[in-house]
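# Summary of structural features
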Amino acid sequence: LACAKEVVQHAQKSVQDKLVAYSMNIKLLVSQGCQAEAINSVLRGLNKLREAFPQSDSNWSDLDAVKNLFFSTTQALEDASNEAIKLCPLLVDKRKMRAMKLMVTTFKNIMQSNLAFTVLISCRMIEITL
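Our subject in this report is the structure included herewith. Everything quoted here is computed from the prediction, not taken from an experiment. Here the residue index of a chain counts from 1 through its sequence in written order. The model is predicted, so local features are restricted to residues of pLDDT at least 70 and side-chain atom pairs to those at 80 or more, both for listing and for counting; the totals for chains, interfaces and linings are taken over all residues. Hydrogens and water molecules were not included; the side-chain quantities draw on all heavy atoms of the structure.

Moving on, we come to the overall build of the protein chain. Each helix and strand counted, the protein chain has eight helices and zero strands in total. Starting at the N terminus, helices and strands are each numbered in turn, a helix being any DSSP run of H or I of at least four residues and a strand any DSSP run of E of at least two. Listed N to C, the secondary structure of the protein chain is α-α-α-α-α-α-α-α in terms of helices and strands. The buried share among the 130 residues of the protein chain stands at 33%. When the accessible surface of the protein chain is split by element, carbon and sulfur atoms take 57% of a total near 8100 Å². Residue burial is assigned from relative accessible area. The probe radius is 1.4 Å, only protein chains are included, and a residue is buried under 20% of its type maximum, exposed over 50%, and partly exposed in between. Working definition of accessibility: Shrake-Rupley area with a 1.4 Å probe, residue cover restricted to the visible protein chains.

Here it is, written out as structure tokens:
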């Protein structure tokens, strides 16, 4: 774990370097079986990217809240036609693009260990995209 923390701490000052460091840190923590630490790393990274996200597992482990978010996101997708989705502008906000990259890394590495957090990540990715 000390190695994982050093990767993030020693990242150069550029946001891109930090993003790479956070992604590596997440993968390392997951490979060591430290899913809770990996999720905390994700939350810190998203916070640094100014992407509001619950910072406590009590907020995202509440299955009713997760279900509500999932159903509201599903409804938003059902309400949008395929044409409307195709006409959505490309994502050009660099901060949001970096947040998306971090969430993709998270999704791929944490989806089997924490379904509720994975649902929240997925819904946020859809929210950013639409």
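On we go from here.
Take the side chain of Thr-73 next. By the element assignment, Thr-73 lies in helix α5 (residues 63–79). Residues adjacent in sequence count toward polar contacts only when both atoms are side-chain atoms; beyond that, a polar contact is any pair of N or O atoms within 3.5 Å, and within protein one must be able to donate a hydrogen and the other to accept it. Within the structure, Thr-73 has its side chain in polar contact with the backbone oxygen of Leu-69 (distance 2.9 Å). Between two residues, a contact is recorded if the distance between any of their heavy atoms is within 4.5 Å. Excluding its chain neighbours within four sequence positions, the residues that come into contact with Thr-73 are Cys-123 and Ile-126.

For the rest of this paragraph, the subject is the pattern of salt bridges. Any carboxyl oxygen of Asp or Glu within 4 Å of a side-chain nitrogen of Lys or Arg constitutes a salt bridge here. Enumeration according to the criterion identifies two salt bridges in this entry. Close ionic contact of Lys-86 with Glu-83 constitutes a salt bridge, the shortest N to O distance being 3.8 Å. Of the two residues, Lys-86 and Glu-83 both sit in helix α6 (residues 82–86), three residues apart, roughly one turn of that helix. For Lys-86, a relative accessible area of 61% translates into the label exposed. Its relative accessible area of 49% is what places Glu-83 among the partly exposed residues. Arg-124 serves as the salt-bridge partner of Glu-127, at 3.8 Å between the closest nitrogen and oxygen. In this pair, Glu-127 and Arg-124 both sit in helix α8 (residues 115–129), three residues apart, roughly one turn of the helix. A residue is classified by how much of its surface remains accessible, and Arg-124, at 14% relative accessible area, is buried.

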